[in-house]
Amino acid sequence: MAAKRSAASAIVSRVFAATVQGMPAFFVGTLLILLLGVNLGIFPVGGYGSNFGEHLYSLVLPGLAVALTTCPVLIRSLTAALNDSMSAEYTNFALSKGLSRKRTVIDYAFRNAGITGVSILGIQVGHLVGGALVVENVFAIPGVGSLLMEAVLARDYDVVQALTVIFGVLVVLVYLLTDVVYSIVDPRVRLGA
Amino acid sequence: MSEPTTSPTATGATGPGGKPPRTRGGTASRATPTARFTLPLPAFLRRHNLQLWIGAVILGAMVLLLAIGPLFVTDDPNRQDLLNTFAPSSIAHPLGTDQLGRDVLSRFLHGGRVDLIVAVVAVIVPFILGTILGSLAGYFGRWVDIVIMRLADIVSAFPFYVLVIVLVFVMGNGMGSIFVAISAVSWVAYARIVRGEVLVLREQEFISACRASGLSTPRILTRHIIPNTVSQGVIYAMSDIVLNIGVVVTLSYFGMGIVPPTADWGQMMNDGQQYMGTGNYGLILWPGFAVVIVSFALALIGDGLTNTLKPKR
C-alpha cells in the first residue's frame, strides 16, 4: 500500500491510516457487525460455532476488526521506512547500475523496509493481544480476553492475576520470536555474537 | 541488547547497529538528487503543511462545538423521561432520545467534554515523567539507564489494554484511576523516544561545549538537552491523545471507566449496541464517528507536526 508512489494513492493510504488509527476496536467491530452481519447477513454477528469450520467462519469478522485496528501503525512505519530506503545510497547505486525501477523497488527498497516491518509487527503483537481482548468481547468469542473481562467484572482477583501473567509471558515470547526472525531477515544481526 | 524490543513503539525507529536509529518519516528533508524517487507526499502538502491546518481546523471545530454546544442545548443530559424513550429526532431532541428518554445531543456534547478532557490531561503526566526518566537514562547511562529501561521493559511486557484494565480494576472505576493507570503505562513510550534523542544529543559538539565551559549537569540537562527532545515528545503526544481517547471510551464501554450517570461516548456506544437490534443506530454511530473525527484530526496534526518539527540533521 505504502509503496505506491503516485500522489493520489499516497493521500488515500495516509487518510485511511489516519481514519482507522483513531477507531476504537470495539467500534470497528460494531460497524462490521452492522454492515456485514446484520444488513448483508454474510457473516455471523457473534458466537463461536461448534466445529472447526464454524470456528473459522465466525472468526472472519473479529479477525478483520483486529486487522483494521492494527494496520495503521504498520502503514505509517512502512511508509517511513520505504521513504528512507528509497533515498538511501544503495538505491541510488542500484539505479545508476542500470537496474529497472521495479527491480530496485522490490529487491532493494522493499527488503530493507521489510526489516522495519518485521520488528514493528512484533511490537504490535503485544497491542494486538490487547485489541483481541476488546474484540473478543464484542463478538462474544469465548477466548482468554472475554475470560479476563468477565473476571474483572466479577472481581475475581485470582483469575485476573493469572491471566495478566499469562498475557505477559505470551508477549515476551512473541518479542523473543521477533528477535529470532529479525536475525534471519537481516543478515547484519547475529544472535549471540 | 537486542534492538527490536526496545525501540519506541509508535515511531517505528528500529535498526541494527549501535547508534540509535533514525528511521522516522524522512519524507521532507531527505530529498536526494534523484528527485523522482522520493516517496509519497506531494509537493504542495510539503510546502504548505496542509495536513497541520486541516487537522487543526477539524479539531478546533469539534472543540468549539463541545465547548459552546451545551450553552445552546440546555437539556440536562441526565434527565430521564421514561414515557419518551427512543424518540426519533425532533425539535426538542435533535438527535432523539435514548433508552431512558435522555436527550442524545445533550449527552453527546457533555460526554465529549469528559472524554476529551480526560484524554488530554492523561497525556501530561506521562509526557513529563517519560521525558525526565528518558533524559536521565540517556544522559547518565550505566546503571541509571539499566534500571530505568528495564523498568520500561517490564511495563511493556504486558499488553497495553490488559495492564490498563487490570490497574483500573485494582483501583476502582472513575477518572482518578484512569489517570493513574494511563500514566503508569504510557510514560514508557516517551522515555524511549527521549532516551534515543538524548543518546544522539549527548555526543554533539554543543553539549561538549557546555561541559567545557563549566555548566553544571542539571543546567545542561534542563537548558540544553531536554528542550531539544521536546519536539519529538510533542509529536508522539498527538498519537498518544488518540490512544487515550480509545482507552477512555473502551473502558467506559465495558463499564469500567467514567462512572454513570455522567455521560460519555463509550457508555453511550455500549447503550447503543445493546439497542442496535431495534434499529436505533444513532446511539452508537454519533459518538463513534465523533471519536473517529477527533482522532483523524489529531493524526493529521501529528503528521503535520512531524514535517514541521523534525530536526534537520
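Residues numbered from 1 in each chain as written. Chains lettered and ligands numbered in written order. Predicted model: local features only at pLDDT ≥ 70, side-chain atom pairs only at ≥ 80, totals over all residues. Heavy atoms only, no water.

**Side note on the overall build of chain B**
Regarding its fold elements, chain B presents 10 helices and 0 strands. Secondary structure elements in chain B, listed N-terminal to C-terminal, are α-α-α-α-α-α-α-α-α-α. In chain B, which comprises 313 residues, the proportion classed as buried is 55%. In chain B, once contacts between residues fewer than 6 apart in sequence are set aside, the share between residues at least 24 apart is 69%. Accessible area for chain B stands at about 13300 Å²; split by element, carbon and sulfur atoms hold 67% of it. (Helix = DSSP H or I, 4+ residues; strand = E, 2+ residues; numbered from the N terminus. Buried < 20%, exposed > 50% of the residue type's maximum accessible area, 1.4 Å probe, protein only. Contact = heavy atoms within 4.5 Å. Areas by Shrake-Rupley, 256 points an atom, 1.4 Å probe, with all protein chains shown as cover.)

**With respect to the pattern of salt bridges**
Summed over all chains, the structure comprises 3 salt bridges over all chains. By sharing partners, the salt bridges in this structure join Arg150(B), Asp153(B) and Arg192(B) into a single network. (Salt bridge = Lys/Arg side-chain N within 4 Å of Asp/Glu carboxyl O.)

**Some points on the packing of aromatic side chains**
A full pass over the atoms with the stated rule returns 8 aromatic pairs over all chains. Taken together, a centroid distance of 5.7 Å and an interplanar angle of 90° make the contact between Phe27(A) and Phe289(B) edge-to-face. With Phe27(A) in helix α2 (residues 25–39) and Phe289(B) in helix α10 (residues 282–309), this residue pair bridges two chains. Residue Phe27(A) is classed as buried on the basis of its relative accessible area of 0%. Where Phe127(B) meets Tyr190(B), the ring centres are 5.5 Å apart and the plane angle is 70°; that geometry is what we call edge-to-face. Placement of the pair is Phe127(B) in helix α3 (residues 104–140) and Tyr190(B) in helix α6 (residues 175–202), with a sequence separation of 63 residues. Judged by relative accessible area, Phe127(B) falls into the buried class, the value being 19%. Classification of Tyr190(B) as buried rests on a relative accessible area of 1%. Here a set of aromatic residues connected by ring pairs shows up, and it is made of Phe127(B), Tyr190(B) and Tyr236(B). (Phe/Tyr/Trp six-rings, centres within 6.5 Å; stacked < 30°, edge-to-face > 60°.)

**What to know about the side chain of Asp145(B)**
Mapped onto the elements of the fold, Asp145(B) is located in helix α4 (residues 142–156). Discounting residues that sit within four places of it in the chain, Asp145(B) has contacts with Ala137(B), Arg150(B) and Arg195(B).

**Some thoughts on the UniProt feature "transmembrane region" (unreviewed entry) in chain A**
Residues and elements named next belong to chain A. Mapped onto the present numbering, the UniProt feature "transmembrane region" (unreviewed entry) falls at residues 27–49, 56–75 and 159–185. Annotated as residues 56–75, this span is 95% helix and 0% strand, and its ends, taken at the C-alpha atoms, are 26 Å apart. Within residues 159–185, the helical portion is 100% and the strand portion 0%, while the C-alpha atoms at the span's ends are 38 Å from each other. (UniProt positions renumbered as here; feature names shortened; annotations may be inferred.)

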